[in-house]
Every structure is written in structure tokens, then in C-alpha cells.
Amino acid sequence: MPRVDAARGAAYDVLRAVADQDAYANLELSRVLRERRITGRDAALTTELVSGTLRLQGSYDAVLAQLVPRPLDPDVRDALRLGVHQLLSTRVATHAAVGTTVDLVKDRIGHKPSGLVNAVLRKVSARPLDDWLSGASLADRTSHPAWVLDALAEALDRPSELDALLAADNARPAVTLVARPGLATREELGGRHLPVSPYAVELDGGDPGAIPAVRDGRAGVQDAGSQVVALLLARAEVAGRDERWLDLCSGPGGKAALLGALAATRGATVLANEVQPHRARLVSQGVRAASAGILGVIAADGTAPPWPAASFDRVLVDAPCSGLGALRRRPESRWRRSPGDVAGLVDLQQALLAAALDAVRPGGVVVYATCSPVVAETAGVVAAVLGQRDDVRLEPAAGLLPEVVDGGSAHLPGALQLWPHRHGTDAMFAAVLRRRCGAAAPLGSAPSWESRSRRAS
């Protein structure tokens, strides 16, 4: 059998896991690289092949449809996509892209489809991507499903920026780090300081895990938009006590770690809650360096929580969402979601926000956030919940974030909407909600879960 190089073999196996097992590409990629001990240039090539192929999958399928009129077996289709990406979007030489893909097919699938793969890729190499897509739909040209295009166009308040947004979704994202306050500084991380967060650094390249502060957990990989959401919660004013914070949907733990570091500087603590036990274990690992500000980590259903009402001074609801604001970093999300998924998520989002408002005391604040700009998941959720309650008001976010320019939501005045093409972040949405001081709710004593949560972490 032909020898398959480590990078392409790993990339193909990750693509198959994403297709067959609904694996998350970034997690599966990290696992494969670690277990196969792929490092350096091979790791960089594997990462590019996986993320680039997934990101432009729609465009590549449009090319393949012009050359192969019949449906392709999924394993052959993934191999062809991998080859097309090398031919049309990288500097890999034609003979290398074709030859290595054919060898990969022989090794992973068998000899029978290798002739078809060889012939198709040689035809693909004859023209650049723009030529193949001339006359194609906007969905095919930009590699976004049509319904996603419609949802993003509705969310974006400036139609003239749609092309820039779609291009940003398809750009290779830089690695962004967070220097957790009181634990690390931006200077020790190197790279470029980003203006939207006082803790954000963008790396030019290299392995973040090789940086001592990242290795120790004093810093971490985190999009600057996620940092802004945590800052928004920490900067909002609360009346009276400011000791107990809650991260209601904390997995995988990045925001909880930043909030824990921020809380520790004020003598406060954060309870991190995650519904899935295995993700709660990830949170526990991720917040260890910030343990001075972490009350504990528990696994509980945020819509039916174990804590009494009005237990917290600040609550973050980083709600499960479609992920359409993070397509740069999670390119497979665009192919996994459907309009029906959004409808189901909205019900959960509303339930989580309602539970968060019950959990915060009068005078305290809740920040509702999603890594999606879709109107139904953002302004729609907040407006629906506000319409059901008279003990909550929306407060303006802009004054809390002087670092963020042009970040207002077009669909919920006062809320925050970041965009990859404007701010260089994921398209994070966030709204600040205050529980009115006149709302009657007993503060009570320390809840019974408090001592248990300390042990859980």
C-alpha cells in the first residue's frame, strides 16, 4: 500500500469523524494531533487542511458537482474535498495534491475509487476557484448555506457589509489569548494587543501551549469577543452586596476562568454550572489557576437549578446557540445546523434567561450572551422574556465598554453586537438586564449547595 503522510492522513480522519460522528472539528483535531504526536509544520498543515476544507466545503462541492454528475460516497467525497482544497486554496503543487490524495484513497478506502479521484482532481487543477464558481449562487461562492445567508443578512444592519462579513467568516482566524487578570499580563504572552479587550493578545503563529502562562492556566486561548462578554458582566454596577457570581452555562470554561480571575480581585467568587458532567469536568480543569475566585463547579440543569431564588449578585447566561457567529473558528457549524434547530434553541434560551433572572437578587445584573447574531436567538429572546416580566429592565451596554467602537445592536437598542469584519471577533451578542430593586425576593442565608460546590471543584 502507498505511504500516506501524517498530516493528510490525520486531516482526512478528522473530516470523517466530523461527518460520521458529529465530532467537533477543533476537539477532534486536538485529540488526533496529540495522540499521533504530530507537531510543528505537520501540525500546522493538518490544521489548515481540516479547517480550510470545512470552511469552503460548499464551494468545493459546487466544483465537484460540475465534474461528477452522480452522488459520491461520503468517504470519497471527503477525500476529494481535501484534494480540491489543496489545489484551489493552498500553494501545494498540483502533482503533490493529486498524488497524495490518490495515495490516501488507496490506503483508507481502497483501489477502486482511486482512478476517479485522480481524474477529477486533474480536471479541477486546470482552472482557479473563481473560474469554477463563475455564475454560481452567492451561497456556493461564499460557502454558506442559503438559510444561513438569509439569517446573517437579517441580523446585519448594513446590507453593504454582507460581502465583508461572509469573507471574514471564511478567513483563517488568528489565535487569540487572554491574560487572566492578577495571574498573567499581556506582555508575557507576546503578540499584538487587541483594542477590544484589555486582556487580549493575538499571536502571529506558534504553539500557544508552549507559552508558560498558557501551560500553567494563567492565560488561555479565548476569542476577544468572549472576553468582552465577561467584562460586560464584571463592569455592570450592582446595588449593595457583590460577592456571589454565577456562570450558568459555563462549559468549556473560558469565561468562567476569566470571571474567576476578575472576581478574585474584588473578594468575590464564581459558581460555574454546566449541565453536562463531562463538560463540567473540563470547566474544573480550566479554572484551576483562577481557583481563588471560583466558589465551585457543579453539573446541574440551569432551567431547574439547585440554588434558591435571588442567590447571586451577577449571572452570566452564555446560552447554547446555533454558533453562526463563530463560523471562522467552528466552520462545521454552518453545515450542521438547520432553521429548525434555531427554533428549538430559542425555547431553551428563553428558559435559561428566565432562570437566570430568578437566580439574581434585586439590584443585581444578568448578562445574556450568544455566539450567534441571529435575531431570533438574540433580540428576540430578550424581548420575549422582558415582555413576560415587570421586575427586569434592559440597561445600555455601550458605556461599560469604551474599548468597543460601533458595537450597538440594530435590533435591540442598548445591547451589544460584535462582528468579525468590524471588530475582529466572533459575532457575539450580549444584553445587560437588571433585576429591579423593588422586586420582592428574600436574600436568605448561604445556599446549601455552596459547601458542596467547593468540594466538587
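Structure: see above.
Calculation notes
Residues numbered from 1 in each chain as written. Predicted model: local features only at pLDDT ≥ 70, side-chain atom pairs only at ≥ 80, totals over all residues. Heavy atoms only, no water. Buried < 20%, exposed > 50% of the residue type's maximum accessible area, 1.4 Å probe, protein only. Helix = DSSP H or I, 4+ residues; strand = E, 2+ residues; numbered from the N terminus. Pairing = 2+ DSSP bridges. Right-handed = clockwise from strand over helix to strand, strands pointing away. Axes fitted to C-alpha atoms, helices over the stretch in contact; angles between N-to-C directions. Parallel < 35°, antiparallel > 145°, perpendicular 65-115°, else oblique. Left-handed = near helix turned anticlockwise from the far one by under 90°. Contact = heavy atoms within 4.5 Å. Nonpolar A, V, L, I, M, F, W, Y, C, P; charged D, E, K, R; others polar. Expected span 1.5 Å × (residues − 1). Arc of directions from axis to C-beta. Phe/Tyr/Trp six-rings, centres within 6.5 Å; stacked < 30°, edge-to-face > 60°. Lys NZ or Arg CZ within 6 Å of the ring centre and 35° of its normal.

Asks: Account for the pairing of strand β7 (residues 294-298), naming residues and giving values.
Replies: With 5 of its 5 residues buried, β7 lies for the most part within the structure. Where strand β6 (residues 269-273) meets β7, 4 bridges bridge the pair, whose relative direction is parallel. Across the sheet, residue L271 finds its bridge partner in β7, namely G296. With respect to chirality, the unit in which β6 leads through helix α15 (residues 277-286) into the neighbouring parallel β7 is right-handed.

Asks: Describe the packing of helix α1 (residues 6-21) against helix α2 (residues 25-35), naming the residues involved and giving the relevant values.
Replies: Look at α1 against α2: their axes get within 10 Å of each other, and the N-to-C directions meet at 140°. As the angle between them shows, α1 and α2 are arranged oblique. Pair α1 / α2 crosses with right-handed handedness. Here α1 contributes A10, V14, A17 and V18 to the contact with α2, which in turn contributes A25, E28, L29 and V32. Here the contact of α1 with α2 is built from residues that sort into 7 nonpolar, no polar and 1 charged.

Asks: Talk me through helix α6 (residues 94-108); I want residue IDs and the actual numbers.
Replies: A rise of 1.5 Å per residue sets the reference length of α6, with its 15 residues, at 21 Å; its end C-alpha atoms lie 21 Å apart and thus fit the reference within 8%. Of all the positions in α6, only A97, V98, T101, V102, L104 and V105 are classed as buried. One face of α6 carries all of its buried residues, which in axial projection span an arc of 160°. Those residues of α6 that are buried lie in contact with α1, α5 (74-89) and α7 (114-124). Phi turns positive one or two residues past the end of α6, at G110, with a value near 140°.

Asks: Tell me about the packing of aromatic side chains, and name the residues and values.
Replies: Enumeration over the complete set of coordinates arrives at 2 aromatic pairs. Aromatic side chains W307 and F312 sit 5.7 Å apart centroid to centroid with 90° between the ring planes, which places their arrangement in the edge-to-face category. Among the residues examined, W307 registers a relative accessible area of 6% and is labelled buried. Here F312 falls in the buried class, since its relative accessible area comes to 0%. When the ring of Y368 is compared with that of F429, the centres are 6.4 Å apart and the planes differ by 70°; the resulting orientation is edge-to-face. On the criterion of sequence distance, the pair formed by Y368 in strand β9 (residues 360-370) and F429 in strand β12 (residues 429-435) is long-range, its members being 61 residues apart. For the pair formed by Y368 and F429, the shared burial category is buried. Sitting above the plane of the Y24 ring, R336 keeps its charged end 5.7 Å from the centroid.

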